[in-house]
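Next come the chains, spelled out residue by residue.
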Amino acid sequence: MQSSHAAAAVSSAFDDPNLIACGGLEPVVRLAERCGLPALADELIRLPASKDGTGAFPAAKLMSLVGGMAAGADSIDDMHRLRHGAMGRLFAGVRAPSTLGSFLRSFTHGHVKQLHAVARRFLPALARHTPLLPGADQVAYVDIDDTIRRTYGYAKQGAGYGYSKVKGLNALLGIVSTPLAAPVIAATRLRKGPSNSARGAAAFVAETIRTARACGASGLLVMRADSAFYGADVVNSCRALGARFSITVRMNASVKAAIARIDEDAWTPIKYPKAVWDEEGQCWISDTEIAETGYTAFTSKPKKEQVTARLIVRRVKRLSSTVPAGQGTLFDTWRYHAAFTDSPLSLKDAERDHRRHAVVEQVIADVKNSAFAHAPSGHFQANAAWLALAALAHNLTRAAGALAGTFHARAATATIRDHLINVPARLARSARRLTLHLPEHWPWNTDFTQLFSIVHAPPAL
């Protein structure tokens, strides 16, 4: 590729009032409206009245924030992208970034909980209107994990040093997925940076499971988590709601004793189709052995809180760096990794499903690569509201991708934004109708057209 004209023959000017940089935002906002997001905001968010009108029109402000995030905004100043060209004619009620910042800073803990209630009701509505979670009536998974959103400076309320030794805020995410669908975010919590991972985890797990059930997960539902969430309260919270659990266990004395009792003939060799990165050995492994045994956990707790289930163990040969090449070891030594589960699946399937808990890391990376790239405010509750809104935008973007086609149903949200939302368009009006003129030969025009047609079709009776 090269320039087709001499440099002196090319000029630029920001002077066309009919152009839009993100034409695909129109069907995305239309989808949010069809699923009732503005009505939920007006019904559930109750900010106090003020002279400057900060708490007025919560639906318009929430829709502006979610729309900006869906278009790629990752800070309050980025909301300026909603106020260019013909956006004012295509959308009504777009608020200025300064207004949106004041709106977020007016949130208290109670108002953030109201926003969580909006999210809990909006996700099931998306699942009803779009093929967001196909197969949820058969098998679905809930994955819990937390991450540190790094912050800088001294003005962030709640920032501190947590388990990662990085200064920031702790974000707890609960996601829902199926074997046929990409994961969506069912619940969020923003916590202080030094917070323990398991703080409030039992209630959070219960909320995520209830949301998953409301989304149609009426069949087998398995909650997966790493060892930070291994506790009696989390496991019993799952059992109380009829969900199964699969949690990595800490290698304490009782777990080691249970593993030692496994007969050597009980170990089954397996080979991973794709190598798995081993953190302790800092190498890729593709050969391992698995076995299982019965185990009673939390024996220090009262009898009613103790749980007896399966202990699934994976062992990997410990590779020695001191043995010369070509010389075998006198005897094998092993490293063990165990998961505590009541999954009804076979040993191999249950172990494979537990390893797929890593899908939550993809969601965390996706969110951090989009709206939650920053914690944009110095106010803790404003950042908590921002995280909840980022989850709303993530789920809305994923639902738009599910309507567009098979490829975009499983694509990362950054890909959906690039292909379907941030499409340049020219707005034209004729006979009281608006027409979006999009680029000719756009590579993903078929998926865009399908999304546009579905959300603009008359609602089913």
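See above for the structure.
One structure accompanies this document, and this report is about it. For every chain, the first residue of its written sequence is number 1, and the numbers climb from 1 along that sequence. Since the coordinates come from a predicted model, pLDDT governs what is reported: local features require at least 70, and pairs of side-chain atoms require 80 or more to be given and counted, while whole-chain, interface and lining totals use all residues. Side-chain measures here rest on the full set of heavy atoms in the structure, leaving out hydrogens and waters.

1. Points about the pairing of strand β11 (residues 334-341)
Link 1 in the chain: Working definition: with a 1.4 Å probe on protein chains only, accessible area under 20% of the residue-type maximum means buried, over 50% means exposed, and in between means partly exposed. Runs of E in the DSSP output that reach at least two residues are strands. Runs of H or I that reach at least four are helices, and both are numbered from the N terminus. Judged by how many residues are buried, β11 sits mostly within the fold: six of eight residues are covered.
Link 2 in the chain: Pairing of strand β7 (residues 244-248) with β11 involves three bridges; the strand directions are antiparallel. Paired with Thr 248 across the two strands is Ala 339, which belongs to β11.
Link 3 in the chain: For two strands to pair, DSSP has to find at least two bridges joining them. Sheet topology note: the strand β10 (residues 307-317)/β11 ladder contains eight bridges and is antiparallel. Looking at the pairing, Val 313 lines up with Ala 338 of β11.

2. Here we look at the packing of aromatic side chains
Link 1 in the chain: Any Phe, Tyr or Trp ring, taking Trp's six-membered ring, that has another such ring centre within 6.5 Å forms a pair; planes under 30 degrees apart are called stacked, those over 60 apart edge-to-face, and the others tilted. Tallied over the entire structure, the rule returns nine aromatic pairs.
Link 2 in the chain: Considering the side-chain rings of Tyr 230 and Phe 340, the 6.3 Å spacing of their centres and the 90° angle between planes classify their relative orientation as edge-to-face. With Tyr 230 in the loop between β6 (220-225) and α8 (232-240) and Phe 340 in strand β11, this pair connects stretches of sequence that are 110 residues apart. For the pair formed by Tyr 230 and Phe 340, the shared burial category is buried.
Link 3 in the chain: Where Phe 448 meets Phe 452, the ring centres are 6.1 Å apart and the plane angle is 20°; that geometry is what we call stacked. You can see Phe 448 and its partner Phe 452 sitting in helix α15 (residues 445-456), four residues apart, about one turn around the helix.
Link 4 in the chain: Relative accessible area serves as the criterion here: at 28%, Phe 452 is assigned to the partly exposed category.
Link 5 in the chain: Pairwise contacts between aromatic rings join Tyr 230, Phe 245, Tyr 295, Phe 298 and Phe 340 into one cluster.

3. Details of the nonpolar core
If you look at soluble globular proteins, the nonpolar side chains tend to sit buried side by side.
Link 1 in the chain: Among buried residues, those of type Ala, Val, Leu, Ile, Met, Phe, Trp, Tyr and Cys that are joined through side-chain atoms within 4.5 Å constitute a nonpolar core. Judged by nonpolar contacts, the single largest core of 134 residues is most densely connected at Leu 25, Met 223 and Phe 340.
Link 2 in the chain: Of the residues forming this core, the biggest block, 17 residues, is contributed by helix α12 (residues 380-404).
Link 3 in the chain: Ignoring any residue separated from it by four or fewer positions in sequence, one finds Leu 25 in contact with Gly 67, Ala 70, Ala 71, Leu 82, Met 87, Phe 91 and Ile 421.
Link 4 in the chain: In this structure, Ile 270, Ile 290, Ile 312 and Leu 347 belong to the second largest nonpolar core, which totals six residues. The contact definition used throughout considers only heavy atoms, calling two residues in contact when any of these lie within 4.5 Å.

4. Structural notes on the pattern of salt bridges
Link 1 in the chain: The rule for a salt bridge is simple: a side-chain nitrogen of Lys or Arg has to be within 4 Å of a carboxyl oxygen of Asp or Glu. Counted under the stated rule, the structure contains 15 salt bridges.
Link 2 in the chain: A salt bridge links Glu 26 to Arg 30, with the nearest nitrogen and oxygen atoms 2.9 Å apart. With Glu 26 and Arg 30 both in helix α1 (residues 25-34), this residue pair falls four residues apart, about one helical turn.
Link 3 in the chain: In this structure, the salt-bridge partner of Arg 120 is Glu 207, at a minimum N-O distance of 3.5 Å. On the criterion of sequence distance, the pair formed by Arg 120 in helix α6 (residues 109-129) and Glu 207 in helix α7 (residues 201-214) is long-range, its members being 87 residues apart.
Link 4 in the chain: For Glu 207, a relative accessible area of 10% corresponds to the buried category.

5. Some points on the side chain of His 354
Link 1 in the chain: When you line up the elements, His 354 lands in helix α10 (residues 347-355).
Link 2 in the chain: Polar contacts, as counted here, are pairs of nitrogen or oxygen atoms within 3.5 Å of one another; within protein the pair requires one atom able to donate a hydrogen and one able to accept it, and residues that are adjacent in sequence qualify only if both atoms are side-chain atoms. Here Ser 246 takes part through its side chain, which lies 2.8 Å from a polar atom of the side chain of His 354.
Link 3 in the chain: Side chain to side chain, His 354 and Thr 248 meet in a polar contact 2.9 Å long.
Link 4 in the chain: Apart from residues no more than four positions distant in its own chain, His 354 is found in contact with Arg 224, Ala 225, Ser 246, Ile 247, Thr 248 and Ala 339.

6. Focus on the environment of Asp 42
Link 1 in the chain: With respect to the helices and strands, Asp 42 occurs in helix α2 (residues 37-44).
Link 2 in the chain: We classify Asp 42 as partly exposed; its relative accessible area is 39%.
Link 3 in the chain: With 314 residues separating them along the chain, Asp 42 and Arg 356 place their C-alpha atoms 38 Å apart.
Link 4 in the chain: Each residue touching Asp 42, except ones within four places of it in the same chain, is listed here: Pro 58 and Ala 59.

7. Focus: helix α9 (residues 253-260)
For an α-helix, the turn length of 3.6 residues means that residues three or four places apart are oriented alike.
Link 1 in the chain: Among all positions in α9, only Val 255, Ala 258 and Ile 259 are buried. The buried residues of α9 occupy an angular sector of 100° when projected down its axis, which confines them to one face. Along α9, exposed side chains directed more than 90 degrees from the buried face belong to Ala 253 and Ala 260. Directions pointing from the helix axis toward each C-beta atom define the arc.

Any functional reading would require information that these geometric values do not contain.
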